[in-house]
Amino acid sequence: MACRVLNKRRHVGLQQLSSFAATGRTFLGPVKSSKLIIDEEGHDSVLISSTVRLLENVDLSSAVGQLLSEAVQAQSAAYRTGTSTLLFLAGAWSRAAEECLHLGIPVSLIVSVMSEGLESCIEAVSSLQIPVLNASDHTGDAQTFSESRSVTLCPFLPIPADTGLIQKENCLRDASPSVAISSLPGRPVQSANPLRTQAKVEADENTSIAPQTLRNSLCADMRCRKSALVHSRHFNRVGENRWTSKPDGFVEPQGAATPHAHRCKDLAELEAGLSHGDGNSMRLVDAAARLQRRAVGVQRGRGAAPWTFDVSGVLTCSLPGLPEAWSCVCAGYVTAVSVSSTALIQALQSQPLRVALIEGDLTENYHHLGFNRAAKVRTVLPGVTVPQASPEELWTDQVLQVFGKFNVKLILVRGSVSEPLLAKCIRSERLVIGSVNGSAMQALAEASGAVPVAYVSQVTEDCVGSGVCVAFWRRVPTGVDRGSSMAVVLHAEGLNVVTAVLTGPVTAQMQTKEDRFWTCAHRLHYALKEQKVFLGGGAVEFLCLSHLQSLAGQPVKKGKRACSGGLQHTSSWLASSLALYRPAVLKCLASGWHQYLSALLCNTAHSSSEVEASTFIQHHLQSAAGSDSPASYILNEYSKLNSGIFNSGVSNNVEQIARVYDVVTPKMEAWRRALALVLLVLQTDSEIITGHGHTQLPAQGAEGFFLL
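Note that the coordinates shown come from a computational prediction; the quantities given were computed from them, not determined experimentally.

A. The overall build of the protein chain, seen in detail. Helices and strands together make up the secondary structure of the protein chain, namely 19 helices and 22 strands. A total accessible area of about 31,600 Å² is found for the protein chain, and carbon and sulfur atoms account for 51% of it.

Here it is as structure tokens:
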């Protein structure tokens, strides 16, 4: 339990936000430490290793906690990545805002300068965008992700060699002739040395130019993301302009190694860079991408638009209790059913079945949302003897009559299924599967021609589909405990769905496995969709830190308007205060990036303490300040081999070193959401505190405790 003393004379909301964010510090970076949350009342426990699961299992009854939860949930729902960055930066920048208040800086100045500073950082880091030049076109069978180079988070944030996060060797197996399965390996391979920088790329690889469509999309994307504050006079550089706008839409520093020198050449390299050390999950994503590409019939070089990985056509199925090496990707829809259906599935497999799709629950008392039924009303016809059977038994018989009338052998239900009906369906050789994924239901409807209905009474001949086959996922050897359920795979002609089957002996880790899979899947999706990625390993955050420190050291030019945005219509005194307070606000904002890099270095065991991490960061900040530009320094470090700065004792073989990449839009949106949350809490706190009441607090009530 974390405990922090809250000063009621100060901005309590910012302090609460900082305290909440401190709980997720260990989730930052590729080496995450899990947390075990125990319910003191129910004595239940849950093992979590992500920000989303953390906030789902802690008490967030305060207003600030609710705002933080909504921001994290919005980031997760949109991108499935970047939530740990959002949480940490929200805490770091809330402390930065508190420091600004301690220095006596007006709230309006803090809001304006921090907002403009972040947008200036976003514009600056565009120089670290790496074009993904149709990497999806290079997806031949000659090289897969499992055969790609080992990953090192260079140049700033490495993966320790003994973490066992990077694995290799992928084998292909078939459960049946019609089902393609890509299984997951189990042997770890140590990564490259933690301090190795990126290998130099040959000059002849720098000649590729993005297509005109890519250029236009990148230019439009950069223009539409700029804030109204980007063109403020007070954020113009003093002296010569070090930034050059290139015809292809990328902005790069003059004299620096260009991003095209670091372009991503094939899908295997892109996946290795986006895996962030989680080779198991990315290997499954790679198999899903290749199966999906094969299913939609996309061939190399076909069409002008590059192929993108569609995550909406990917599903997951968690099977706890099975060996981890059984994790794989299958074409079709894989789901778990009761072992009591084993004999029935053996009788139905390898033959096309007629299928009915039920969108709601398949129970006697189910009604759609908004349905109001009169209570305790029974209809009795005169002269008819009321049967003694229960209403549920009568309903069950009616359902079986409907299924028998249309010869339905497979019933897929979105919700739950009545147990008596399930037992009777098995006896009548009809397979009922409940809790079917909505995306799978829609895909099966399109492939089989079935029409989903809410009630069995709505089933007609036109609503029944056909051509769906069912088979066992794989045979479970004798001696392996399969529990009370087993997995089956549904496939049909035209079914463009692939399922990642996640297995593991520890049930508590299954949610973490699924979260990590989806994180890797969405990283690959956005990288291929946007056709660009960031240089990873802390390079982007380091450039933001160096950029803000450079801005803070530049004086505001006299004779120009104080600031755009929120200060242009305020008093002349407030506008004139900008020159005095602007450097302090920018330095406080930069301290958030410094804390971010320091936490990453400590979490990856690269630095034993925050002091050592800070010294490491300051050393490279000084080196970057002495170069032509910070971006040039970072790009050049990525181009070096045996530079003697970040590397020691690593093989000189270029092919054994892989870059690390970050997705562009999810990362920048996490930054924006974090700062927007901090500024919202800051302004709300100032409205509450402003007035006479806050100056009359008794001394004994000045402090309290905030418990997490």
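B. Geometry of unusual backbone geometry. Positive phi, close to 60°, is recorded for Arg 80, a residue that is not glycine. Following the sequence through the fold, Arg 80 ends up in the loop between helix H3 (63-79) and helix H4 (83-102). The phi torsion at Glu 429 lies on the positive side, around 60°, for a residue other than glycine. Relative to the assigned elements, Glu 429 resides in the loop between helix H11 (419-427) and strand S15 (431-433).

C. Here's a closer look at the pattern of salt bridges. Applying the stated criterion across every chain yields a total of 11 salt bridges. Where Arg 290 meets Asp 286, a salt bridge forms, and the shortest distance between an N and an O atom there is 2.9 Å. Placement of the pair is Arg 290 and Asp 286 together in helix H8 (residues 279-295), with a separation of 4 residues, close to one helical turn. Notably, a salt bridge pairs Glu 324 with Lys 513, separated by 2.8 Å at the nearest N-O pair. Here Glu 324, found in the loop between strand S10 (314-320) and strand S11 (328-331), pairs with Lys 513, found in helix H13 (residues 510-530); they are 189 residues apart in sequence, far enough to count as distant. Using a relative accessible area of 34% as the deciding quantity, one classes Glu 324 as partly exposed. If you follow the salt bridges from partner to partner, you end up with Arg 53, Glu 56 and Asp 515 in one network.

D. The arrangement of the pairing of strand S14 (residues 410-413) in detail. Judged by which residues are buried, S14 turns out to be covered on both faces: Leu 410 and Leu 412 on one side and Ile 411 and Val 413 on the other are all buried. With 4 bridges joining them, strand S13 (residues 353-358) and S14 adopt parallel strand pairing. Looking across to S14, one finds that Ala 356 is bridged to Ile 411. Summarising the sheet, S14 and S15 pair through 3 bridges and their orientation is parallel.

E. Looking closely at the sheet that holds strand S4 (residues 129-131). Read from one edge to the other, the open sheet built from 3 strands follows the order S4-S19-S21, with strand pairing classed as antiparallel. Strand pairing shows two members of the sheet lacking a second neighbour, S4 and strand S21 (661-662), which therefore form its edges. Bridging between S4 and strand S19 (residues 532-535) involves 3 bridges; their strand directions are antiparallel. The partner of Ile 130 across the bridge, within S19, is Val 533.

F. Here's a closer look at H4. In this model H4 runs 29 Å from its N-terminal to its C-terminal C-alpha over 20 residues, within 8% of the 28 Å that 1.5 Å per residue would give. Counting buried positions along H4 yields 16 of 20 residues, so the element is predominantly enclosed. Downstream of H4 by a residue or two, Gly 104 has a phi angle that is positive, lying close to 80°.

G. The side chain of Ser 341, seen in detail. Looking at the element boundaries, Ser 341 is found in the loop between strand S12 (333-338) and helix H9 (342-348). The exposure class assigned to Ser 341 is buried, which follows from its relative accessible area of 4%. If near-sequence neighbours (up to four positions away) are discounted, Ser 341 is found in contact with Ile 426, Leu 431 and Met 486.

H. Quick look at the sheet that holds S15. Spatially, the 6 strands line up as an open sheet ordered S12-S17-S16-S13-S14-S15, and their pairing is mixed. Taken across any chain shown, the strands that pair with only one partner, and hence form the sheet edges, are S12 and S15. For this sheet, the mean inter-axis angle between neighbouring strands, taken without regard to orientation, is 40°. When S12 meets strand S17 (residues 485-491), the two strands line up antiparallel, connected through 6 bridges. Looking across to S17, one finds that Val 337 is bridged to Met 486.

I. Inspection of the side chain of Arg 53 at higher detail. By the element assignment, Arg 53 lies in helix H2 (residues 51-56). Among the polar contacts made by the side chain of Arg 53, one reaches the side chain of Asp 515 at a distance of 2.8 Å. In this structure, Arg 53 is in contact with Ile 48, Gln 511 and Asp 515, ignoring residues within four places of it in sequence.

J. A negative patch on the surface, seen in detail. A cluster of like negative charges, contributed by Asp 39, Glu 40, Glu 41 and Asp 44, occupies part of the molecular surface. Here Asp 44 lies in the loop between strand S2 (35-38) and strand S3 (45-48). Overall, the relative accessible area of 52% leaves Asp 44 in the exposed class.

K. Seen up close, the packing of H3 against H4. Running from N to C, H3 and H4 point in directions that differ by 150°, and their axes come no closer than 9 Å. Accordingly, the angle class assigned to the pair H3 and H4 is roughly antiparallel. Helix-helix and strand crossings are classified by hand; for H3 and H4 the assignment is right-handed. Along its contact with H3, which presents Leu 68, Ala 71, Val 72, Gln 75 and Ser 76, the element H4 presents Thr 83, Leu 86 and Leu 87.

L. Region of interest: the packing of aromatic side chains. Within the structure shown, the criterion is met by 9 aromatic pairs. Centre to centre, the rings of Trp 93 and Trp 593 are 5.3 Å apart; their planes meet at 85°, and the pair counts as edge-to-face. Placement of Trp 93 in helix H4 and of Trp 593 in helix H16 (residues 578-603) is noted, with a sequence separation of 500 residues between them. There is no split in this pair, since Trp 93 and Trp 593 are both buried. One aromatic cluster in this structure is built from Phe 88, Trp 93, Trp 593, Tyr 596 and Trp 671. A cation sits over an aromatic face here: Arg 474 above Trp 326, 4.1 Å from the ring centre. For Arg 474, the ring lying beneath its charged end belongs to Trp 473, and the centroid distance is 5.8 Å.

M. Up close: the nonpolar core. One finds Trp 93, Met 114, Leu 270, Phe 309, Trp 593 and Trp 671 to be the most contacted residues of the largest nonpolar core, which totals 112 residues. Sorting elements by how many residues they give to this core places H16 first, with 13 residues. Discounting chain neighbours no more than four positions away, the residues touching Trp 671 are Thr 85, Leu 89, Trp 93, Leu 118, Ile 122, Val 125, Val 540, Glu 541, Cys 544 and Trp 593. Counting 29 residues, the second largest nonpolar core, distinct from the first, contains Leu 315, Ile 345, Ala 440 and Val 468.

N. Fine view of the packing of H4 against helix H5 (residues 107-124). Interhelical geometry of H4 versus H5 gives an angle of 140° and a closest axis separation of 10 Å. Here H4 lies oblique to H5, going by the angle between them. Our pair here, H4 against H5, has a crossing hand that is right-handed. Residues Trp 93, Ala 96, Ala 97, Cys 100 and Leu 101 of H4 form the contact with H5, whose own contacting residues are Val 107, Ile 110, Met 114 and Leu 118. Residue composition of the contact of H4 with H5, by class: 9 nonpolar, no polar and no charged.

Rules behind the numbers
- Residues numbered from 1 in each chain as written.
- Predicted model: local features only at pLDDT ≥ 70, side-chain atom pairs only at ≥ 80, totals over all residues.
- Heavy atoms only, no water.
- Helix = DSSP H or I, 4+ residues; strand = E, 2+ residues; numbered from the N terminus.
- Areas by Shrake-Rupley, 256 points an atom, 1.4 Å probe, with all protein chains shown as cover.
- Salt bridge = Lys/Arg side-chain N within 4 Å of Asp/Glu carboxyl O.
- Buried < 20%, exposed > 50% of the residue type's maximum accessible area, 1.4 Å probe, protein only.
- Pairing = 2+ DSSP bridges.
- Expected span 1.5 Å × (residues − 1).
- Contact = heavy atoms within 4.5 Å.
- Axes fitted to C-alpha atoms, helices over the stretch in contact; angles between N-to-C directions.
- Polar contact = N/O pair within 3.5 Å; in protein donor to acceptor, adjacent residues only side chain to side chain.
- Patch = residues over 30% accessible without salt bridge, like charges linked within 9 Å, V, L, I, M, F, W, Y side chains within 5 Å.
- Lys, Arg positive; Asp, Glu negative; His and termini not counted.
- Charge placed at Lys NZ, Arg CZ, Asp CG, Glu CD.
- Parallel < 35°, antiparallel > 145°, perpendicular 65-115°, else oblique.
- Left-handed = near helix turned anticlockwise from the far one by under 90°.
- Phe/Tyr/Trp six-rings, centres within 6.5 Å; stacked < 30°, edge-to-face > 60°.
- Lys NZ or Arg CZ within 6 Å of the ring centre and 35° of its normal.
- Core = buried A, V, L, I, M, F, W, Y, C linked by side-chain atoms within 4.5 Å.
- Nonpolar A, V, L, I, M, F, W, Y, C, P; charged D, E, K, R; others polar.

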